[in-house]
Amino acid sequence: MKECLVIGKANVGKTLFVINFAEYLGLDHIEVKISFPNGFSTVKCYSIPQARKELTGLGAHKTRCLQSVHLEIPARKGRKKLKITDTTGLMDTIHQDVEIRRAIAQTLNVLRQTDTIIHMVDAHNLYMSEASALLGEIDYQVVQFAQMRGPYCILANKMDLPGAREGLQLLLRELPGQYVIPISALHKRGFKEVKAFVSRCC
Amino acid sequence: MVIHKGSTTKISFSASKVTYLLEKGEISPVEALDILRRQEEELIFRGEEKSKLLLEQSLEELDALVGLEPVKTLVRELQAFVQVQQLRRLEGLLTEPLVLHMVFMGNPGTGKTTVARILGKILCEMGVLRKGHLVEVERADLVGEYIGHTAQKTREQVKRAFGGILFIDEAYSLARGGERDFGKESIDCLVKAMEDHKDNLILILAGYEGEMRQFLRTNPGLHSRFPIHITFPNYNLEELLEIAELMLRQREYQLDIEASREVAKILKCNIGTVVENPGNARLVRNIIEQAIRRQAVRIVKEENTGRDQLMTITLADIQGGEK
Ligand SMILES: Nc1nc2c(ncn2[C@@H]2O[C@H](COP(=O)(O)OP(=O)(O)O)[C@@H](O)[C@H]2O)c(=O)[nH]1
Ligand SMILES: [Mg+2]
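Below is a short write-up of the structure. None of these values were measured; they are calculated from a predicted model. Residue numbering note: each chain is counted from 1, following its sequence as written. The lettering of chains begins at A and the numbering of ligands begins at 1, in the order of writing. Local features are withheld for residues below a pLDDT of 70 in this predicted model, meaning they are given only at 70 or higher, and side-chain atom pairs are given and counted only at 80 or more; totals for whole chains, interfaces and linings count all residues. Values shown for side chains rest on all heavy atoms present in the structure; no hydrogens or waters enter the calculation.

## What about the environment of A:Ser199?
Residues and elements named next belong to chain A.
Okay, so step 1: If you trace the backbone, Ser199 turns up in helix α7 (residues 191-201).
Okay, so step 2: Taking the C-alpha atoms as reference points, Ser199 and Glu72, 127 residues apart in sequence, are found 9.3 Å from one another.
Okay, so step 3: Counting of polar contacts relies on pairs of N or O atoms within 3.5 Å, with two restrictions inside protein: one atom must be capable of donating a hydrogen and the other of accepting it, and residues adjacent in sequence are counted only when both atoms are side-chain atoms. Polar side-chain contacts of Ser199 include one of 3.3 Å to the backbone oxygen of Ala196. To qualify as a helix, a DSSP run of H or I must reach at least 4 residues; to qualify as a strand, a run of E must reach at least 2; elements of each kind are numbered from the N terminus.

Here it is as structure tokens:
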């Protein structure tokens, strides 16, 4: 089964995306395999609303481990299976909390091995900030890294918020030639194109 | 885009060292990912260089074959097609399924096996086949004598060919004997193997053009499973002479003028008259190998045989039979 890694800075909406995308594909509950940086792992079952409540939210670094969900995408012949993995938010600088540093190391480790990379950015935040701070330096690094790997796309999230359209324009100008899908993880907008993308990759 | 040209961080670290430093808080995520990326680039570069070189060698080997222009063009098209499909997959674009089972049509001695062998190498270097070796079989290797024997024999050959090419010479002979013949069972078994091992096996059916076309017509299921058809043309006189020259050069022999005229004459006659086997490189090889043996008999009795004499084939060596 192919693995698809969702990666990006903290609070861009990675976790909400994974949960809502699972719901979009017809699941009413999800089994989340949680792998901690120390190698320990466990499986937890959530209803979708419960998952949204417990796993997402503002406040830095809600996610501190890898959280994988198995998805099935209807295809011409039967169904395609896919593992989608949510990760700890990345940042540019050295974090003072060792637990978070470990979680980021864990994220980069799976990044080296994953089949498909979904890179999420917050289009609304892009507009809010100055052009110089458009994307984190880490985002540019992810873009460069992904060029050498398999399928890759950028999700421009939070398109429902004011200013996100302008943010998207800035993003497209800043990263010419990249495959960008505008979405709203909250309202499940743009998910059809994401589904088409992942089903091509698995 | 941030460019890290002058970056001073070492890339000689192992990946685990990088994550260790990251955990320790000695490098930032940006620096860590930068190192990991450059390591990856190194690896890809080295791997690419090596397989590119091998691929080029195989394509050169193909080009070095005498004649066969339409075949070369097709193989190159095939190579480009496979490469583009791979690039499209990397971009997440829709890809055509790579069905590379083929039919090679042509007379014996027109280069079918040679091309299949090179093709195996090319596809291996492109990452389509894991091993790219060629397993050459014919009816007797596939068809058994009693019920169940055929499936077992066929499966065995298929297994040998995993990761490479199963080349079935005179494939139409599998349809010989009609419905109750075990050849039919072998065909069914091959078709099943093709489905089960899609990514790991390429089948090539080879044989005379007329017989192959008839075979495909009477087994319509096969037609769609073997989408690539390559026709191997007969060699013309010029090409046959070139082949003769090449064979001699490889063996470190040469023809004197009279001998070379005689070879041309023999080939010319055969192209016109030998209906079942015109334009056949095997004829060339037979002529040359016989001539080499006759030359040996002739000069072994002579004294003072110099380098020139040891190398030269004369008219007398050629004459006295070419069949
Ligand atoms: N308006 C809006 N808010 C979103 C969207 N996606 C995520 N959020 C909010 O952004 C915050 C961070 O989301 P979360 O999934 O935890 O981010 P993560 O750190 O990338 O996993 C949460 O409060 C989400 O409700 C979106 O498309 N639109
Ligand atoms: Mg999260």
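Don't stop here, the text continues.
## A word on the interface of chain B and chain A
Okay, so step 1: In what follows, residue pairs with any heavy atoms lying within 4.5 Å of each other are defined as contacts. If you look at the interface, chain B gives 27 residues, while chain A gives 28 residues.
Okay, so step 2: Of the roughly 2600 Å² buried between chain B and chain A on both sides combined, carbon and sulfur atoms contribute 68%.
Okay, so step 3: What makes a salt bridge here is a side-chain nitrogen of Lys or Arg within 4 Å of a carboxyl oxygen of Asp or Glu, nothing more. Across the chain B-chain A interface, the total number found is two salt bridges.
Okay, so step 4: Among the ionic pairs, B:Glu40 bridges to A:Arg149, the shortest N-O distance being 3.6 Å.
Okay, so step 5: The tally of links from chain B across to chain A stands at four residue pairs in polar contact (both at pLDDT 80 or more).
Okay, so step 6: For the side of chain B that touches chain A, the elements supplying multiple residues, two or more each, are α1 (15-24), α2 (29-64) and α3 (69-90) of chain B.
Okay, so step 7: No other element matches α2(B), which puts 10 residues into the side of chain B that touches chain A.
Okay, so step 8: Charged means Asp, Glu, Lys or Arg here, nonpolar means Ala, Val, Leu, Ile, Met, Phe, Trp, Tyr, Cys or Pro, and polar covers whatever is left, Gly included. Residue composition of the side of chain B that touches chain A, grouped by class: 14 nonpolar, five polar and eight charged. Buried area: the accessible surface (1.4 Å probe) lost by two parts on joining, summed over both.

## Thoughts on the side chain of B:Glu239
Residue and element names in this part refer to chain B.
Okay, so step 1: By secondary structure assignment, the location of Glu239 is in helix α10 (residues 237-251).
Okay, so step 2: Of the side chains bearing the opposite charge, Lys72 lies closest to the buried Glu239, which forms no salt bridge; the N-O distance is 8.0 Å.
Okay, so step 3: The residues contacting Glu239, other than those within four sequence positions of it, are Val66, Gly67 and Asn234. Using a 1.4 Å probe on the protein chains alone, a residue whose accessible area is under 20% of its type maximum counts as buried, one over 50% counts as exposed, and one in between counts as partly exposed. Charge counting treats Lys and Arg as positive and Asp and Glu as negative, with His and both chain ends excluded.

## Quick look at empty space enclosed by the protein
Residue and element names in this part refer to chain B.
Okay, so step 1: Here a cavity denotes grid points, spaced 1 Å and computed from the protein atoms alone, that fit a 1.4 Å probe unable to get out, and a pocket denotes an open set having protein on both sides within 12 Å along at least 5 of 7 lines; residues with an atom within 4 Å of a point are the lining. Grid points are joined across faces, edges and corners, and a volume is the space filled by probe spheres set on the points. Applying the stated criterion to the full structure yields three cavities of 30 Å³ or more.
Okay, so step 2: Put simply, the largest cavity is a space of about 60 Å³.
Okay, so step 3: Ala171, Leu174, Ile187, Leu190, Val191, Met194, Leu203, Leu205, Phe215, Leu222 and Phe226 are the residues that line the largest cavity.
Okay, so step 4: Residue assignment for the lining of the largest cavity shows that the elements contributing at least two residues are α7 (182-196) and β4 (202-207).
Okay, so step 5: The biggest single contributor to the lining of the largest cavity is α7, with four residues.

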